[in-house]
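One letter stands for each residue in the lines below.
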Amino acid sequence: MTDAPVLAVRGLSTQFRIGGAWRAATRNIAFDLYENQTIALVGESGCGKSITCQTILGLLPAAVARTEGSIVYQGRELVGLSDAEMETVRGKEIAMIFQEPMTALNPVMTVGEQIAEAIRVHRRCTKAEAKAEAIAFMDRVRIPAAAQRYNDYPHQFSGGMRQRIVIAMAMACKPKVLLADEPTTALDVTIQAQILAELRDLCANFNMSMVFITHSLGVVAAIADRVAVMYAGEIVELASVEELFAAPQHPYTRALFQAIPRVDETAENLQAIPGQVPPITAFPEGCRFAPRCPMRMEKCAGRPPRLAAADPASPHAVACFLHHDLALEEAAE
Amino acid sequence: MTTAQPLLQVFGVSKTFDVPRRIGAPPGKVHALDDVTLDIAIGETLGLVGESGCGKSTAGRAFLRLIEPDTGEVWFDGENLTTAIPSRMRTLRKRLQIIFQDPYSSLNPRQKVADMLAEVLSVHKVCPRAEFPRRIAQLLDEVGLPASAADRFPHEFSGGQRQRLGIARALSVGPDLIVADEAVSALDVSIQAQILDLLRRLKAERNLSYLFITHDLGVVRYFCQRAAVMYLGRIVETGPVKDLLDEPLHPYTRMLRAASPVPNPVEARKTVQVTGEVPSPLNPPTGCHFHPRCPLAKDICKQARPTVTEMGGGRAVACHLYG
């Protein structure tokens, strides 16, 4: 691990135009991603985890979305880059894979040609070289009989194999950062286990860092080094995977742990979280989790708590007044 | 109420579907269900687990005759459903209900909740029309929705609330058995826990039995007493949930258990011995369907279908290791 992060996100906010007004779908997102590291963004539907990744790659149309804050990739600011400048980053430096591989593949083009095309877009090489490399990558993501299957179309593959092809395509340019948006959610557990193991191997072998989006704490445990728990557009807790699972601090994180039915332990009762995630048009003023929080205090409704470490020496940060006082925060400002 | 006799008994149910293969080639056959036998006691929740395409949803529908089984018999409360005449079947349907993964696709978007429930009540002649409003308010309250929900349309509800509507509709006719087909799979965990709690409470209050179809072993552990594991149309193992998950007998159950994500970073990173994919059900492997992926496969596994071996303690497994 080097000193400077590969990707440093600061104060990132993505706003959408809804009913004539700009509404912030995410607020003050900040994290560092170091070389060879995987950070998981975990949270329920609508918490802003996918939007954060799409913002990093500049995939949201400017007409409806605008970005504030800073995304620094290897010392280079990405916010405010033109489309042409972004093109040099997208795919080659930062690649992305999605939940549904079929939508990322062209149904009328063989999978091999699609991978070879991705190679030739970003690098000067002959068609034969690109083909050889595409087959090597298919082999690498464990597609059996890669050379023969080069000429098959996406519909001839199973869901797991299609996801492998998309991963091969993303890897083809040897990106430094892979953004993986729920890549195993649509897959059966036995296939998910294989893909997670392969992503871990690829990250290690290619010195690649990964931002892994998931709603499953079980998947987080299997893939992540660091974890950012998101709720209603904000990071509420940020910690190493070991610390987060050993001692979750934010009431939302704790509630999540108590709401999952575990396969390894019999629970008498699950603790459902009352209520539901607020819509973007009705985010509460202070802490956004406060209305559903069992530990709610009066000051929680006032102003939003900052994401900060309870112990300044620890990298375990939490946005909750239970863990650091409002007075402390004001003193720090 | 009888105690000894199971509420639902399924004997050797099979179902094949014709599948057009490629242009010019003869149609293929998918054995969606291959000699499935199981039972559900009164007040019991049986989990039916397996991966996509293993036939678990077909099973749920075939037991209710929403899909007609090719062979085999389904008995419900001492009555043979498979030979029941349509008018009798209609009466029995009040006692056999189903809820789906995506309630939105089973709700009419142009029908208000009150009209939707009134339709069910009138079709099944549950109560006189004058009592509908009271009954509807009661049902909504029972599933945790406000009375004002009656005047709203399905699109005005969140995913969890829509699942509550699906449950209210199933409850409206007073069922004894509910088939829940991935009923909580599409929901976020916090909502999933709410719906599981609701289903559990209803079970206690109404003495319901469930056939709970799911791919999530965590949900099975929490919600079910017994489970049956399916692989390519066949049941490979049945038993009490805790035994089945803590000491799985069938190599496929072991693989499924090992691959299920555990929220524990130390456990989750252990290398999982998972190989291969579920083969095409159009052309399943000979003998034991699982043999190409099985680390313990023997010669006989390629040739002969394993018979079910009773293992004591309510457990049974279809595997040559135990035969």
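Residues numbered from 1 in each chain as written. Chains lettered and ligands numbered in written order. Predicted model: local features only at pLDDT ≥ 70, side-chain atom pairs only at ≥ 80, totals over all residues. Heavy atoms only, no water.

1. Some words on the pattern of salt bridges
As a reminder, the rule being used: A side-chain nitrogen of Lys or Arg and a carboxyl oxygen of Asp or Glu constitute a salt bridge if their distance falls within 4 Å. Classification of residues uses two cut-offs on accessible area relative to the type maximum, computed with a 1.4 Å probe and protein chains only: under 20% is buried, over 50% is exposed, and between them is partly exposed.
All told, the structure shown has 34 salt bridges over all chains when counted by the stated rule. The closest approach of N and O atoms between R65 of chain B and E68 of chain B, which form a salt bridge, is 3.1 Å. Its relative accessible area of 15% is what places R65 of chain B among the buried residues. In this structure E68 of chain B comes out as partly exposed when scored by relative accessible area, which is 40%. The network of salt bridges with common partners includes R142, R164, E198 and D201 of chain A together with E277 of chain B.

2. Comments concerning the pairing of strand β4 (residues 38-42) of chain A
Residue and element names in this part refer to chain A. Basically, it comes down to this: The helix and strand labels rest on DSSP assignments: H or I over at least four residues marks a helix, E over at least two residues marks a strand, and numbering proceeds from the N terminus. When DSSP finds at least two bridges between two strands, those strands are taken to pair.
The buried count for β4 comes to five of five residues, which makes it a mostly enclosed element. The alternating pattern of β4 places T38, A40 and V42 on one face and I39 and L41 on the opposite face, and all of these are buried. Examined bridge by bridge, β4 and strand β9 (residues 209-214) share five bridges and lie parallel to one another. Bridge pairing in β9 places A40 opposite F212. Pairing between β4 and strand β10 (residues 226-231): four bridges, direction parallel. When the sheet's bridge partners are listed, I39 is paired in β10 with R226.

3. Here's the deal with helix α8 (residues 189-206) of chain A
All names here are of chain A. Test applied: Given a helix with a known number of residues, its expected span is that number minus one, times 1.5 Å.
In this model, α8 (18 residues) spans 25 Å end to end at C-alpha, consistent with the 26 Å of a helix rising 1.5 Å per residue. Taking burial as the measure, the 18 residues of α8 include 13 buried ones, the bulk of the element. Once α8 finishes, N207 follows within two positions and takes phi at roughly 55°, a positive value.

4. Structural notes on the sheet that holds strand β11 (residues 234-240) of chain A
All names here are of chain A. Applied cut-off: Throughout, a residue-residue contact means that at least one pair of heavy atoms, one from each residue, lies within 4.5 Å. In this analysis, axes come from line fits to C-alpha atoms, helices being fitted only over the stretch in contact, and the angle between any two N-to-C directions falls in the range 0 to 180 degrees.
Judged by pairing direction, the sheet is mixed, and its eight strands sit side by side in the order β7-β8-β9-β4-β10-β11-β13-β12 without closing on themselves. Edge positions in the sheet fall to β7 (94-97) and β12 (308-309), since each of these pairs with one other strand and no more. In this sheet, β11 lies alongside β10 in antiparallel orientation, the contact comprising six bridges. Residue pairing in the sheet places Y231 in a bridge with E234 of β11. Against the sheet, helix α11 (residues 251-259) engages β10 and β11, with an angle of about 95° to β10.

5. Some words on the interface of chain B and chain A
Definition in use: Accessible area that two parts lose when put together, with a 1.4 Å probe and added across both, is what the buried area reports. Think of a polar contact as two N or O atoms within 3.5 Å of one another; within protein, one of them needs to be a possible hydrogen donor and the other a possible acceptor, and neighboring residues in sequence only count if both atoms come from side chains.
Facing 39 residues of chain B, the contacting portion of chain A comprises 47 residues. Summed over both sides, the interface between chain B and chain A buries roughly 3,400 Å², with carbon and sulfur atoms accounting for 56% of that surface. Looking at the side of chain B facing chain A, the largest losses of area belong to P263, R269 and E277 of chain B, adding up to 20% of the total buried there. At the junction of chain B and chain A, the tally comes to one salt bridge. In this structure, E277 of chain B engages R164 of chain A in a salt bridge whose closest nitrogen and oxygen atoms are separated by 3.8 Å. The tally of links from chain B across to chain A stands at 17 residue pairs in polar contact (both at pLDDT 80 or more). Only α6 (189-206), α7 (217-223), α8 (241-246), α9 (251-259) and α10 (265-268) of chain B provide two or more residues apiece to the side of chain B that touches chain A. Among the elements that take part in the side of chain B that touches chain A, α6 of chain B stands out by supplying nine residues, more than any other.

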